[in-house]
Amino acid sequence: MSGEYRQDSQVVNNFFTLVSIIIIAIVITLYSKYGPKVKTPSRVHSNLECQKTTSTIDKITSPALLKDAKHYMENGLYVLSGGFIKPRFGKFYLKDKITLEEANDFFKSKIAIVQKENPVKYLKIKYEIIENDKNDPRKKDTYSKSYAGAILSSFRINGKEAFMMKTDFLEYDKKDIKNRIDCIVEAFKHNAKY
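Residues numbered from 1 in each chain as written. Predicted model: local features only at pLDDT ≥ 70, side-chain atom pairs only at ≥ 80, totals over all residues. Heavy atoms only, no water.

Participant: Describe in detail the packing of aromatic side chains, supporting the description with residues and values.
Facilitator: Tallied over the full model, the rule gives seven aromatic pairs. Taken together, the ring pairs connect Phe155, Phe163 and Phe188 into an aromatic cluster. (Phe/Tyr/Trp six-rings, centres within 6.5 Å; stacked < 30°, edge-to-face > 60°.)

Printed below as a string of structure tokens:
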């Protein structure tokens, strides 16, 4: 009689163990699917020293094109295409501080590779020097009124972007703009080496 009692209790024990395992598996599955997610901070920029001095964002938009973009730059097969974006609500100060020719020279100086004339295939470095519109009524916080402008750059092959970067400059000053352009080229080269 005692042998049958042990078998019954063992069956009940095994049953409860099996049910417990199933419940734990369901809870783990549900928790991993619907539980709180650990958020990894999104990448803002390449974490270069020059990018930490002002508000800066960069992005590799096409890793496949980045290698070709690097090749074109290293062989002088690049074209610069710059422009200004004027403020809508305030005076345009930058026109008296820097020309597009000077900005192009800053890019060429940092790239440090002689630009070939009229290449058939090339890397297009498109950039816009955007003056901060401090009088824009939508700008409320202190930072949005504190910087002088930004440079938005895009490195493209056949119209497709490989890399982009936006970086603010704090002063209406050629030296500050040159530092930001140097940082743009440095960030491109840093990301293109991989």
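Participant: Now, about helix H5 (residues 174-192): what can you tell me, with residues and values included?
Facilitator: Under the 1.5 Å per step criterion, the end-to-end length of H5 is 27 Å for 19 residues, consistent within 8% with the ideal 27 Å. N-cap assignment for H5: the residue whose side-chain oxygen lies 3.3 Å from the backbone N of Lys175 is Asp173. (Helix = DSSP H or I, 4+ residues; strand = E, 2+ residues; numbered from the N terminus. Expected span 1.5 Å × (residues − 1). Polar contact = N/O pair within 3.5 Å; in protein donor to acceptor, adjacent residues only side chain to side chain.)

Participant: Outline the pattern of salt bridges, listing residues and values.
Facilitator: The full count for this structure, using the stated rule, is seven salt bridges. Two residues, Lys95 and Asp96, come together in a salt bridge whose shortest N-O distance is 3.9 Å. Under the relative-accessibility criterion, Asp96 is labelled exposed at 57%. Between Asp182 and Lys178 there is a salt bridge, with the nearest N and O atoms lying 3.0 Å from each other. Of this pair, Asp182 and Lys178 both sit in helix H5, separated by four residues, roughly a single helical turn. Taking relative accessible area as the criterion, Lys178 reaches 26% and is therefore assigned partly exposed. (Salt bridge = Lys/Arg side-chain N within 4 Å of Asp/Glu carboxyl O. Buried < 20%, exposed > 50% of the residue type's maximum accessible area, 1.4 Å probe, protein only.)

Participant: Report on the state of the cysteines, specifying residues and quantitative values.
Facilitator: For the coordinates displayed, the defined rule picks out one disulfide. Two residues, Cys50 and Cys183, share a disulfide whose sulfurs are 2.1 Å apart. Handedness here is read from the sign of the S-S torsion; for Cys50 and Cys183, about 75 degrees, the answer is right-handed. Placement of the pair is Cys50 in the loop between helix H1 (2-34) and strand S1 (56-60) and Cys183 in helix H5, with a sequence separation of 133 residues. (Disulfide = S-S within 2.5 Å.)

Participant: Account for the sheet that holds strand S2 (residues 78-85), naming residues and giving values.
Facilitator: The strand order S1-S5-S4-S3-S2 describes an open sheet built from five strands, whose pairing is mixed. In this open sheet, the two strands that pair with only one neighbour each are S1 and S2. Here the strands of the sheet are splayed against their neighbours by 15 degrees on average, with no regard to which way each runs. With eight bridges joining them, strand S3 (residues 123-131) and strand S4 (residues 149-157) adopt antiparallel strand pairing. Bridge assignment links Tyr127 to a residue of S4, and that residue is Ser153. Here helix H2 (residues 63-74) sits on the sheet in contact with S1, S2, S3, S4 and strand S5 (160-169), set at roughly 75 degrees to S5. The sheet strands contacting H5 are S1, S3, S4 and S5, and the helix crosses S5 at an angle near 145 degrees. (Pairing = 2+ DSSP bridges. Axes fitted to C-alpha atoms, helices over the stretch in contact; angles between N-to-C directions. Contact = heavy atoms within 4.5 Å.)

Participant: Give a description of the nonpolar core that names residues and reports values.
Facilitator: Phe107, Leu123, Ile125, Ile151, Phe155 and Phe188 are the most contacted members of the largest nonpolar core, which has 37 residues in total. If you list the elements that add at least two residues to this core, you get H2, S2, helix H3 (100-111), S3, S4, S5 and H5. Top element by residues in this core is H5. It accounts for eight residues. Excluding anything up to four places from it in sequence, Phe107 contacts Leu80, Ile125, Tyr127, Ile181, Ile184 and Val185. (Core = buried A, V, L, I, M, F, W, Y, C linked by side-chain atoms within 4.5 Å.)

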